[in-house]
Amino acid sequence: DPFSTDPDRHESLIVRSSRPCNAETPTTALGTYITPNEVFYVRNHLWVPEIINPETHTLKVELMDGDEVEYTMDELRKKFNPLTITATLQCSGNRRAHMTRGSRQTNGLQWEMGAISNAEWTGVRLRDILADAGVHVDDIPEGVKHAQFMGAEAYGASIPIEKAIDRRGDTIIAYEMNGAPLPRDHGFPLRVVVPGHVAARSVKWLNKIILSDEESTSQWQRRDYKCFGPNEGKNPNWDAAASIQEMPVQSAITSLKHVGADKLNDSKLARVYGLEEESIVVEGYAFAGGGRRIVRVDISPDDGRSWQQAEILPQDEKGSKAWSWKQWRLAFPVRDVNQYFLVKAVDESYNTQPDSFDAHYNFRGNLTSGWHRVSATGSD
Ligand code: MTE
Ligand code: MO
């Protein structure tokens, strides 16, 4: 039983499947900017490899001519400058359950809004490793199109070479998560972090990188992580569809707090907002792929008739671009609230989110990003 050596997990994770382990970050932790390692969501397609010895673990880099260069963990740490980035990972299935409820049945784990988390990752630039291995990173030959990644248990995926070599793309080979060695569930001892891209490309338990003229041939590159039109049915043309790479705009409401008239004087929330009457404080996250900054978060307290802009909480984030989610909040007097709250976010390219689930339905429920609609009483 390959699952028998899986690590123990925190009891507050919301488990969607146990073999393999797929578990959401608990809703309360979605309100924290940096997700603690033990409640960072877990998405495993297979088992966690048996404990890998970091003393003997190596990373192989296979070049176009078939030559291989190999690095020990120690060499990676000593030979290259470390880089720390703050980056959100989001599964392409995050909020799939919202699409199922808002449109119709989708295939796959029925994630609510917790298949997303944010951490500080430390490692070395993939660009620097490739340059050291002999790749002309500033003048990449035409034929080199993809960087493929292989995980120790058999998972694999790839990214376009441009993202791998972009100095400001911040693709790193990480060995630390929030200042600690990577936990086993998150790739110990080495994983790729491809910030701004779908988390499926951030391969865990990394042991090999292959430069190639084609994408990874894994099912996770060629089949699973693709998106389709609402009409394309269950047997779409997989080869014709593009692999998911950069993520679209996303947002969700993670908390509604009722501040009763009796609490106006004593509650901290009431003071922070200067509330003068009975109110509801709405909080959540917003995120955009590609390093595109979230520039606005619109909240409706009345199912779309009126809107107001939430306060986006400032955060220190490390890295060349906006790789991490933003937390936001806004309070409404109860008399302005009518049945449903809605949220939609806008990124710096003025991309935003679709207002209907039918319009971006796909049978795999990938990239669900329709406006999150939550009943004022708390259910969605
Ligand atoms: N890497 C390996 N080796 N095996 C996996 O199953 N899952 C991918 C990606 N990398 C996966 C992997 C997917 S689909 C996601 S969403 C992220 O890892 C989840 O990362 P996390 O478990 O650290 O949150
Ligand atoms: Mo995923």
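Residues numbered from 1 in each chain as written. Chains lettered and ligands numbered in written order. Predicted model: local features only at pLDDT ≥ 70, side-chain atom pairs only at ≥ 80, totals over all residues. Heavy atoms only, no water.

### As for the overall build of the protein chain
Then, in step 1: Scanning the protein chain from terminus to terminus reveals six helices and 21 strands.
Then, in step 2: Taken over the C-alpha trace, the protein chain has a radius of gyration of 21 Å; the compact-globule value for 380 residues is 21 Å, and the two agree within 12%.
Then, in step 3: Its C-alpha atoms put the protein chain at 70 × 45 × 45 Å along the principal axes.
Then, in step 4: Buried residues in the protein chain amount to 56% of all 380 residues.
Then, in step 5: On the protein chain, roughly 16,300 Å² of surface is accessible, and the fraction owed to carbon and sulfur atoms is 45%.
Then, in step 6: Averaged over its 43 positive side-chain charges, the protein chain has a centre that lies 3 Å from the centre of its 53 negative ones. (Helix = DSSP H or I, 4+ residues; strand = E, 2+ residues; numbered from the N terminus. Rg over C-alpha atoms; globule rule 2.2 N^0.38 Å. Buried < 20%, exposed > 50% of the residue type's maximum accessible area, 1.4 Å probe, protein only. Areas by Shrake-Rupley, 256 points an atom, 1.4 Å probe, with all protein chains shown as cover. Lys, Arg positive; Asp, Glu negative; His and termini not counted. Charge placed at Lys NZ, Arg CZ, Asp CG, Glu CD.)

### Considerations on the site of ligand 1
Then, in step 1: What surrounds ligand 1 is a group of 18 residues, the closest being Y41, E153, H186, R191 and K204.
Then, in step 2: The separation between an oxygen atom of ligand 1 and a polar side-chain atom of R191 is 2.8 Å.
Then, in step 3: Here K204 contributes a side-chain N or O atom positioned 2.6 Å from an oxygen atom of ligand 1.
Then, in step 4: For ligand 1, the accessible surface in isolation is 530 Å², of which the surrounding protein chains cover 100%.
Then, in step 5: If you map ligand 1 onto the pockets, it falls in the largest cavity. (Near = heavy atom within 4 Å. Polar contact = N/O pair within 3.5 Å; in protein donor to acceptor, adjacent residues only side chain to side chain. 1 Å grid on protein atoms, 1.4 Å probe; cavity = no way out; pocket = protein on both sides within 12 Å on 5 of 7 lines; lining within 4 Å. Sits in = over half its atoms within 2 Å of the grid points.)

### A look at the sheet that holds strand 3 (residues 42–43)
Then, in step 1: Read from one edge to the other, the open sheet built from three strands follows the order 1-2-3, with strand pairing classed as antiparallel. Each edge of the open sheet is held by one strand with a lone partner, namely strand 1 (14–17) and strand 3.
Then, in step 2: Inspection of the sheet shows strand 1 paired to strand 2 (residues 22–24) by three bridges, in the antiparallel sense. Each residue of the ladder has a partner; that of S17, found in strand 2, is N22. (Pairing = 2+ DSSP bridges.)

### Side note on unusual backbone geometry
Then, in step 1: The omega torsion across R19 and P20 is 0°, close enough to zero to call that bond cis.
Then, in step 2: Locating P20 in the fold gives a position in the loop between strand 1 and strand 2.
Then, in step 3: Residue P189 follows F188 across a cis peptide bond; omega there is 5°.
Then, in step 4: Relative to the assigned elements, P189 resides in the loop between strand 11 (180–181) and strand 12 (191–193).
Then, in step 5: Backbone geometry places D303, a non-glycine residue, at a positive phi of 60°.
Then, in step 6: Within the secondary structure layout, D303 lies in the loop between strand 16 (294–300) and strand 17 (308–309).
Then, in step 7: Classification of D303 by relative accessible area gives partly exposed; the value is 31%.
Then, in step 8: In this model, Y350 sits at a positive phi of 60°, which is unusual for a non-glycine residue.

### Remarks on empty space enclosed by the protein
Then, in step 1: Tallied over the entire structure, the rule returns four cavities of 30 Å³ or more.
Then, in step 2: The calculated volume of the largest cavity comes to roughly 250 Å³.
Then, in step 3: As for the largest cavity, its lining consists of 20 residues, and the residues nearest its centre are R43, R191, A199, S202 and K204.
Then, in step 4: Of the residues in the lining of the largest cavity, the class split is 11 nonpolar, five polar and four charged.
Then, in step 5: When its volume is computed, the second largest cavity comes out at roughly 50 Å³.
Then, in step 6: Q90, C91, S92, N94, M247, P248, V249, Q250, L367, T368 and S369 together form the lining of the second largest cavity.
Then, in step 7: Classifying every residue of the lining of the second largest cavity gives five nonpolar, six polar and no charged.
Then, in step 8: Split by domain, the lining of the second largest cavity shows at least three residues from each of two domains, domain 1 (2–224) and domain 2 (250–375). (Points joined across faces, edges and corners; volume = space filled by probe spheres on them. Nonpolar A, V, L, I, M, F, W, Y, C, P; charged D, E, K, R; others polar. Domains from an automatic or database assignment.)

### A closer look at the domain arrangement of the protein chain
Then, in step 1: Parsing the protein chain into structural domains produces domain 1 (2–224) and domain 2 (250–375).
Then, in step 2: Computed over C-alpha atoms, the centres of domain 1 and domain 2 are 28 Å apart.
Then, in step 3: Taken residue by residue, the interface counts 40 residues in domain 1 and 37 residues in domain 2.
Then, in step 4: On the domain 1 side of the contact with domain 2, Y33, R95 and M99 bury the most area, a combined 24% of that side's loss.
Then, in step 5: On the surface where domain 1 and domain 2 come into contact, there are two salt bridges.
Then, in step 6: Its salt-bridge partner being K318, residue E120 comes within 3.0 Å of it at the nearest N-O pair.
Then, in step 7: The tally of links between domain 1 and domain 2 comes to 24 residue pairs in polar contact (both at pLDDT 80 or more).
Then, in step 8: Top contributing element to the side of domain 1 that touches domain 2 by residue count: strand 6 (residues 82–90), with six residues. (Contact = heavy atoms within 4.5 Å. Buried area = accessible area lost by both parts, 1.4 Å probe. Salt bridge = Lys/Arg side-chain N within 4 Å of Asp/Glu carboxyl O.)

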